[in-house]
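Chain and residue survey
Here are the chains, one letter per residue:
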Amino acid sequence: MAKQSLIKEFFLFVKEEKKWWMIPLLAVLLLVGAIMVFAGSSPLAPFLYPLF
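The numbers attached to residues start from 1 for each chain and follow its sequence in the written order. Predicted model: local features are reported for residues with pLDDT of at least 70 only, side-chain atom pairs are reported and counted for 80 or more only, and whole-chain, interface and lining totals are derived from all residues. Water and hydrogen atoms play no part in the side-chain values, which are based on all heavy atoms of the structure.

**Side note on the overall build of the chain**
Comment: elements are numbered from the N terminus, with helices defined as DSSP H or I runs of at least four residues and strands as E runs of at least two. Counting its secondary structure elements, the chain contains 3 helices and 0 strands. Listed by position from the N terminus, the elements making up the chain come as α-α-α. For every residue, the accessible area obtained with a 1.4 Å probe (protein chains only) is divided by the maximum for its type, and the residue is called buried under 20%, exposed over 50%, and partly exposed between those limits. Within the chain, buried positions represent 12% of all 52 residues.

Given below as structure tokens:
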């Protein structure tokens, strides 16, 4: 059996279990994580801190 990527397995799980509410949740978590990484390594960091 060929290995599947994590993303493909996630979407197959969502499709089979009909847990469509997980997609926006994951998208928001990834967005917040990206903002936190960007805020820590950017000269714009002082302007992003009030968001958290």
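The discussion continues.
**Describing helix α1 (residues 6-17)**
For an α-helix, the turn length of 3.6 residues means that residues three or four places apart are oriented alike. Each helix should span, by expectation, one fewer than its residue count multiplied by 1.5 Å. For α1, which comprises 12 residues, the first-to-last C-alpha distance of 16 Å matches the rise-based estimate of 16 Å (1.5 Å per residue) to within 8%. One or two steps after α1, the chain reaches K18, where phi turns positive at roughly 55°.

**Quick look at the packing of α1 against helix α2 (residues 22-40)**
At their nearest, the axes of α1 and α2 sit 11 Å apart, and the two run at 145° to each other. Two secondary-structure elements touch here, α1 through F10, F11, F13 and V14 and α2 through M22, I23 and L26. Classifying every residue of the contact of α1 with α2 gives 7 nonpolar, no polar and no charged. In this analysis, axes come from line fits to C-alpha atoms, helices being fitted only over the stretch in contact, and the angle between any two N-to-C directions falls in the range 0 to 180 degrees. Contacts between residues were defined by any pair of non-hydrogen atoms, one from each residue, lying within 4.5 Å. Gly is put with the polar residues, along with every residue not named as nonpolar or charged; the nonpolar set is Ala, Val, Leu, Ile, Met, Phe, Trp, Tyr, Cys and Pro, and the charged set is Asp, Glu, Lys and Arg.

**Quick notes on a nonpolar patch on the surface**
Together, W21, L25 and L29 give the surface a local cluster of nonpolar side chains, amounting to about 360 Å² of exposed area. As for its position among the elements, L25 is in helix α2. Note on L25: relative accessible area 47%, which makes it partly exposed. Exposure above 30% relative accessible area and the lack of any salt bridge qualify a residue for a patch; like charges then connect within 9 Å, and the nonpolar side chains Val, Leu, Ile, Met, Phe, Trp and Tyr within 5 Å. For the area figures, the Shrake-Rupley method with a 1.4 Å probe applies, and any residue is considered shielded solely by the protein chains shown. Salt-bridge detection follows one rule: a side-chain nitrogen of Lys or Arg within 4 Å of a carboxyl oxygen of Asp or Glu.

**Digging into the packing of aromatic side chains**
How two aromatic rings sit relative to each other is set out by the distance from centre to centre and by the angle between their planes. Two rings from Phe, Tyr or Trp (for Trp, the six-membered ring) form a pair when their centres are within 6.5 Å of each other. A pair whose planes differ by under 30 degrees is stacked, one over 60 is edge-to-face, and the rest are tilted. Counted by the stated rule, this structure contains 1 aromatic pair. Pairing F10 with F11 gives two aromatic rings, centres 5.5 Å apart and planes at 65°, and the pair type is edge-to-face.

**With respect to unusual backbone geometry**
Phi is positive for K18, which is not a glycine, with a value near 55°. Of note, K18 is situated in the loop between α1 and α2. Here K18 falls in the exposed class, since its relative accessible area comes to 61%.

**A look at the confidence of the model for the chain**
Residue-level confidence of the predictor is summarised by pLDDT, bounded by 0 at the bottom and 100 at the top. When pLDDT is averaged along the chain, the result is 81; 81% of the residues meet or exceed 70. Model confidence for the chain, summarised as mean pLDDT per element, is weakest for helix α3 (residues 45-48) at 70 and strongest for α1 at 87.

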